[in-house]
Amino acid sequence: MRVLSVLSAAIIALTTAFAAATASAQAPFSVRDQASDVPQSPAPQVQQRLAQDEANTVAPTAPRTRLQPSAPVAAPFDINQDGTSPVLPDDSDEEEFSRPSTTVSPLAGGRRPGAVVPVEAVSFEQRRALNQLLKDDTTDVRELRVTLENSDDWVDSVVDRPIVPYRTLRLDGEIAFSSWTVFLNAAEAARGGNLSIAFTNSVLVLPEASRLRVFLNGRLIAETAIDSPDRTKVIALPVSSDLLRPGENAIRLEAEMRHRIDCSINATFELWTRIDTRLTGFSFGGGRIPLIGLADIPAVGVATNGATRLRVVQPMGNNPANMDRMLRAVQAAALRGRFIQPLVEVAPDLSSAMPEPGVLNIVIGTYDMVSAVTDAVPSDGQVGPVAAMVDNPRIGPTVIITGPNQRAVDTALARFDAPAIANQPRSAIVATPPWLVPDGVRINGADTIRLSQAGVETINFSGRRFKTHFNVTLPPDFYAAAYGEAQLLLDAAYSADVEPGSRLSVLVNGVLSTAISFTSSTGEVIEDFPIALVMENFRPGINTIEIVADLETEADAVCLPGGTVPGRDRFALFSTTELAFPDFARIGQLPNLASFATNGFPYQLSDGPVRVRIGGTAADTVGAAGTLIARVAVSRGASFPTEVVDQAGPFSRDGVIIVAPLNEVSNLALETTGAARAIPSNWLQPYPTSPGAEPEGLERYDDVLRRLRQQLRQEEVRLDRTVAAADEAALRDVSVDQRGETQRSQERWFDEVTNDNGISRLFSNLFQSVKNAVNFNVSLGDSDRLAAMPLVSDRATLMLAQAPAPDNSDTAWTLVTAPTAGLLSASVASLSAPEEWRRIGGRITAYQLDDSQVQTVPVEQVSYLATLPLSFTNLRLIAANWFSINNGIYAIALIIVAMVLGVVTWALVTPLGRRG
């Protein structure tokens, strides 16, 4: 028995080594250099050798940097032009490469990086070790493992330029990617520095077969093992000025993960890599580089929470005129800076200001008043209007808008205003820039796009569950939610290893739209295979399309030791796959908060200013209004002319946006928007507060984010396949339309009791359609007809409600309210995050700050607004969608038309007949 055990162990070890070597020779991703359009893949022989060494190594040794060959055009990991593999450095030996952790590409001037030296930092040594790791001006690639779960706030200020524009970033599954852009000014790009990537991962990730790849401006600059489940792994990559460029720099992270022991598709849900946003970013030798001029505003960047804080100081106080100046200034700053999530803070002075990543100060006022706040004001402000940025080392980058008098201040503000940028061409290196919504390909009608245009290149995949996604953006007056189909013309291939019955699914906004099965047992190359995507799953604004393939093989069912490591490619998705949209109807609908979040619809239809009612002068309320208006401006790509008003009542025929805590909202606004019948009951009581214990405003939002990080870490520790298999997005979007649930329940029971295929059921359907049509409001927008609406959750901390204006159905009143001013500021800040903002919709949206849940009340009574000149084609498409929604009326109309046709036919044919 002992001999058999030894033989079994030897066979398992050989199988694992052989599988790892075979897998490493296969490139799981076919990456294409966007600049040169040259395919890239790891050098097979070198990678095979590394994988063999990893599989045979028992005790880890100090990893060394793996040099990659230098070539003028080819990618760092490409095979030589003659088809041979790159040659190892002359001084390399077997021991030096026995346990590689991070591989890097050649850096500036072909200089060779030194060894990767992992350092373990704990307790009080962490800060010193992190600073040394990130600030050293060296060509060495360095690694550090730290424990950050109970770290102090100092971690947020270690990196000079955080770069992740999201609150949290997690890469899930066997393959995943995320891409965005980072703006560097000329001095930052010329100096170069260190790019740090920090992450932790699931304990079930197999480190020998799992890799995280880092791309900078389309070039693969590093590849590291995903091997840090218990602590945070930080890698510092020296980047030279040759790799950076002034302006937009594209960052892309790709994760390839394999399970330790399980070959099933369900096991892929247990794989994840979480990027630590606090320690991911650029660090420069000598510290932060000062910004010069207004053109450098985009280089303010983001903080570790993915947002940019605009701290506004107005010495003249919060009167309507000054609040209007603040709204104009934060819109211009957000657009100039390309900030995807601007958070506005209104401060009395700059006494607490200090240089922080992702913070821009804005000071507005006359020269005398501004001089009392800061000594950084340009002297030209004494004689004329001035709009300038001064990067003071004590308070950080500050925009000064000043002049000798109020008229000069308004002139300076007009100079600071940003031009419309929604239709400006994007950089060729940028796939999906996150700073500007829409962050996907625009679709305005009949159009066809390739996946390569949406940032998805050809992918060769050897795992079990393939998943990728891309975004398309539809206009705010998109009206095709009940008819028509888009087509995905699929170019793909699957191997003979894939068993028949494996399927490919396409999801639109998290909803399964189409699923097809693979039928061939010998593999197949698919070209222009049409997959229908029903239009009802699309919505105005950003739409995410996911392509998922579950690939089952006989080897996975057996799951021999080493069976989870990459083998032969099973599936390929080609970038020539196309998405073809049909022509669709274009007409605006009120209310529609999704269109409001997309580009401020319907307020952009008016030539006049948008009236904004800000309830009270509390700093949190004014800041919440600034955050909302700036976020809508970013979505639109252009600023709104605004006019802050004391009351909304006198503007019953105009569009008004109302931002106020509940006690500052008038009964007219509550009744008009329908919010009066949806306010949670606990909002009407004294709202519980704990002065001094619970932070308010943006400080409370920061506190929520800290708790969110802790909760995510705890959830990831407890993560199992039963939890991960659930669709997270579907669980978060909760409909509160209780009457809709009741109606569906009634219809189900009616079907079961009465056998719905009878003639009585047909007439019942027709009767119900006529009843709905009678109640269907096409243009009047009569708010008195609104039925009693359900209450939203008592845990809601914010509510958005929209309805046509009291005396004008061609515009809208939009209410944004919360129980207190502090919750209003914190909740609007949280809702403005990209992943939350796109979930706004319906006639009412409620938001819960603590758990980021969104509740929507769908629209029942609609007013239509013409957004384009009426044409026969558009009218036909509008009619098709309307009749598809009201199919009972369509059936009645067909019967009536048939009867009229019969009568007319009888009347015409009768005189021609024989008379006796």
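A quick note: this is a predicted structure, and the numbers were derived from the prediction, not measured.

Asks: How would you sum up the overall build of the protein? Please name residues and give values.
Replies: Check the secondary structure of the protein and you find 20 helices and 43 strands. With 916 residues in all, the protein has 56% of them scored as buried. For the protein, the share of sequence-separated contacts (at least 6 apart) that also reach a separation of at least 24 residues comes to 81%. With an accessible surface of roughly 38600 Å², the protein has 54% of that area assigned to carbon and sulfur atoms.

Asks: Pulling in residues and values, what's your account of the pairing of strand E40 (residues 808–818)?
Replies: Burial within E40 is extensive, with ten of its eleven residues counted as buried. Bridge analysis of strand E37 (residues 656–661) against E40 gives six bridges, and the strand direction is parallel. If you follow Ala-660 over to E40, its bridge partner there is Thr-817. Alignment of strand E39 (residues 798–805) against E40, held across seven bridges, turns out to be antiparallel. Opposite Pro-804, over in E40, you have Ala-812 as the bridge partner. Between E39 and the antiparallel strand that follows it, E40, lie two residues.

Asks: Pulling in residues and values, what's your account of the pattern of salt bridges?
Replies: Scanning the entire structure with this criterion turns up 32 salt bridges. The shortest N-O distance in the salt bridge between Asp-375 and Arg-394 comes to 3.1 Å. Taken together, the residues Asp-375 in the loop between helix H6 (367–373) and strand E19 (386–392) and Arg-394 in the loop between E19 and strand E20 (396–402) connect sequence positions 19 residues apart. Like Asp-375, the residue Arg-394 is exposed in the burial classification. The salt bridge partner of Glu-643 is Arg-611, with a shortest N-O separation of 3.4 Å. Within this pair, whereas Glu-643 is found in strand E36 (residues 642–645), its partner Arg-611 is found in strand E35 (residues 610–614), the two being separated by 32 residues in sequence. Look at Glu-643 and you get partly exposed, because its relative accessible area is 29%. Linked by salt bridges that have partners in common, Arg-167, Glu-835, Glu-836 and Arg-839 make up one network.

Asks: Can you break down helix H3 (residues 126–135) residue by residue, with the values?
Replies: Taken as a whole, H3 has its buried residues at Gln-126, Ala-129, Leu-130, Leu-133 and Leu-134. Seen from one end, H3 has its buried residues packed into an arc of 120°, which puts them on one side.

Asks: Go over the side chain of Thr-273, please, and point to the residues and values.
Replies: With respect to the helices and strands, Thr-273 occurs in strand E14 (residues 272–275). On the basis of relative accessibility, which here comes to 0%, the residue Thr-273 falls in the buried class. Aside from chain neighbours lying at most four places away, what touches Thr-273 is Leu-169, Arg-170, Leu-171, Phe-199, Thr-200, Asn-201, Ile-226 and Met-257.

Asks: Lay out the sheet that holds strand E17 (residues 342–347) in plain terms, naming residues and giving numbers.
Replies: One open sheet holds the five strands; their spatial order is E17-E16-E18-E20-E19, and the pairing between them is mixed. Of all the strands in the sheet, the pair left with one neighbour each is E17 and E19. Along the sheet, successive strands turn relative to each other by an average axial angle of 25°, direction set aside. In the sheet, strand E18 (residues 359–364) pairs with E20 via four bridges, with the strands oriented parallel. Among the inter-strand pairings, Ile-364 is bridged to a residue of E20, identified as Ile-401.

Asks: Just give me the short version of the packing of aromatic side chains, but keep the residues and values in it.
Replies: Across all of its chains, the model carries eleven aromatic pairs by this definition. Aromatic pair Tyr-494 and Phe-518: ring centres 4.3 Å apart, planes at 15°, arrangement stacked. Of the two residues, Tyr-494 is situated in strand E26 (residues 485–494) and Phe-518 in the loop between strand E28 (511–517) and strand E29 (524–534); the sequence distance between them amounts to 24 residues. A single burial state applies to Tyr-494 and to Phe-518, both of which are buried.

Asks: Report on the packing of helix H5 (residues 320–337) against helix H10 (residues 619–636), specifying residues and quantitative values.
Replies: Where H5 meets H10, the axes come as close as 9 Å, and the angle between the chain directions of the two elements is 40°. Considered as vectors, H5 and H10 are oriented oblique to each other. The handedness of the crossing between H5 and H10 is right-handed. Side by side, H5 and H10 meet where Met-323, Met-326, Leu-327, Val-330, Gln-331, Ala-334 and Leu-335 of the first sit next to Val-622, Ala-625, Gly-626, Ile-629, Ala-630, Ala-633 and Val-634 of the second. Among the residues forming the contact of H5 with H10, the class breakdown is twelve nonpolar, two polar and no charged.

Criteria and thresholds
Residues numbered from 1 in each chain as written. Predicted model: local features only at pLDDT ≥ 70, side-chain atom pairs only at ≥ 80, totals over all residues. Heavy atoms only, no water. Helix = DSSP H or I, 4+ residues; strand = E, 2+ residues; numbered from the N terminus. Buried < 20%, exposed > 50% of the residue type's maximum accessible area, 1.4 Å probe, protein only. Contact = heavy atoms within 4.5 Å. Areas by Shrake-Rupley, 256 points an atom, 1.4 Å probe, with all protein chains shown as cover. Pairing = 2+ DSSP bridges. Salt bridge = Lys/Arg side-chain N within 4 Å of Asp/Glu carboxyl O. Arc of directions from axis to C-beta. Axes fitted to C-alpha atoms, helices over the stretch in contact; angles between N-to-C directions. Phe/Tyr/Trp six-rings, centres within 6.5 Å; stacked < 30°, edge-to-face > 60°. Parallel < 35°, antiparallel > 145°, perpendicular 65-115°, else oblique. Left-handed = near helix turned anticlockwise from the far one by under 90°. Nonpolar A, V, L, I, M, F, W, Y, C, P; charged D, E, K, R; others polar.

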